[in-house]
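Breakdown of the fold
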Amino acid sequence: MSTKISAADVKALRDQTGAGMMDCKSALAEAEGDMERAAELLRVKGQASAAKRSDRGTSEGVVASYIHANKKVGAMVEVQCETDFVARNEDFSEFAYEVAMHVAAAAPKVVSTEEIPEEEVAEERRLFLEKALEDGKPENVVEKIVEGQVAKWAREIALLEQVHVNGDKHDGKTIEQMREELAAKVGENVVISRFAYFRIGE
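Let me begin by describing the structure that accompanies this report.

The rules behind the values
Residues numbered from 1 in each chain as written. Predicted model: local features only at pLDDT ≥ 70, side-chain atom pairs only at ≥ 80, totals over all residues. Heavy atoms only, no water. Helix = DSSP H or I, 4+ residues; strand = E, 2+ residues; numbered from the N terminus. Expected span 1.5 Å × (residues − 1). Contact = heavy atoms within 4.5 Å. Polar contact = N/O pair within 3.5 Å; in protein donor to acceptor, adjacent residues only side chain to side chain. Axes fitted to C-alpha atoms, helices over the stretch in contact; angles between N-to-C directions. Parallel < 35°, antiparallel > 145°, perpendicular 65-115°, else oblique. Left-handed = near helix turned anticlockwise from the far one by under 90°. Nonpolar A, V, L, I, M, F, W, Y, C, P; charged D, E, K, R; others polar. Buried < 20%, exposed > 50% of the residue type's maximum accessible area, 1.4 Å probe, protein only.

1. Focus on helix α5 (residues 90-106)
Each full turn of the α-helix corresponds to 3.6 residues, which orients residues three or four apart in the same direction. Helix length check: α5, at 17 residues, gives a terminal C-alpha distance of 24 Å against a target of 24 Å (1.5 Å per residue), a fit within 8%. Among the structural elements, β1 (60-67), β2 (73-81), α4 (84-87), α8 (175-186) and β3 (191-199) are those in contact with the buried residues of α5. Two to three positions downstream of the cap, the backbone nitrogen of Asp-91 sits 2.7 Å from a side-chain oxygen, assigning the N-cap of α5 to Asn-89. Of the residues trailing α5, Ala-107 is marked for its positive phi of about 45 degrees.

Next up, the structure:
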């Protein structure tokens, strides 16, 4: 017997996820009325369609800034999208501001791990290798240990891999997860193209 989906449930799911009415109705039907499962289905589908959009051009967007209350730390970030309509969207502007706030607090070095210069990666790998050998780690596991440490280091300095500093507000999501959710919600490719971090005296 098929589960009856009420208009109130569809509206509640739409308010929660920002997805279209028909998508919400389909997800609820597939999840047999389970709101949590339906939201997860929409999230997965949204991420899949966001991935398909990732090769689409982004010539619109905003530059957002954040200055800490002490006026000694600040950041600017450029977030791009496909249309001026989305660039003026409140959720899009809020995301850009939240990213700028995170940059000011976390001081990442690059947007993504792909942007880390190869010579920096090689130097970190050399340092981790030296330490592993000094610590007397068995040779057959040293390489695996070093690769794990290099990957962890890369994630720590790359903006997209970092968990937003306001973890409670954003449910412990990384900047990349927040970007994916926004892309799914607005239906466009969303790209954090660059940022600048400022601290007095640096």
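2. Topic: the packing of helix α1 (residues 7-17) against helix α2 (residues 21-30)
One can describe the packing of α1 onto α2 by two numbers: an axis separation of 9 Å at closest approach and a directional angle of 110 degrees. Taken as axis vectors, α1 and α2 run roughly perpendicular relative to one another. The two elements α1 and α2 cross, and the hand of that crossing is right-handed. Across from Asp-9, Val-10, Leu-13, Arg-14 and Thr-17 in α1, the residues of α2 making contact are Met-21, Cys-24, Lys-25, Ala-27 and Leu-28. Among the residues forming the contact of α1 with α2, the class breakdown is six nonpolar, one polar and three charged.

3. Some points on α8
In this model, α8 (twelve residues) spans 16 Å end to end at C-alpha, consistent with the 16 Å of a helix rising 1.5 Å per residue. Within the sequence span of α8, burial applies to Ile-175, Met-178, Arg-179, Glu-180, Leu-182, Ala-183 and Val-186. Count one or two residues on from α8 and you reach Gly-187, which has phi positive near 75 degrees.

In short, shape yes, function no, at least from these values alone.
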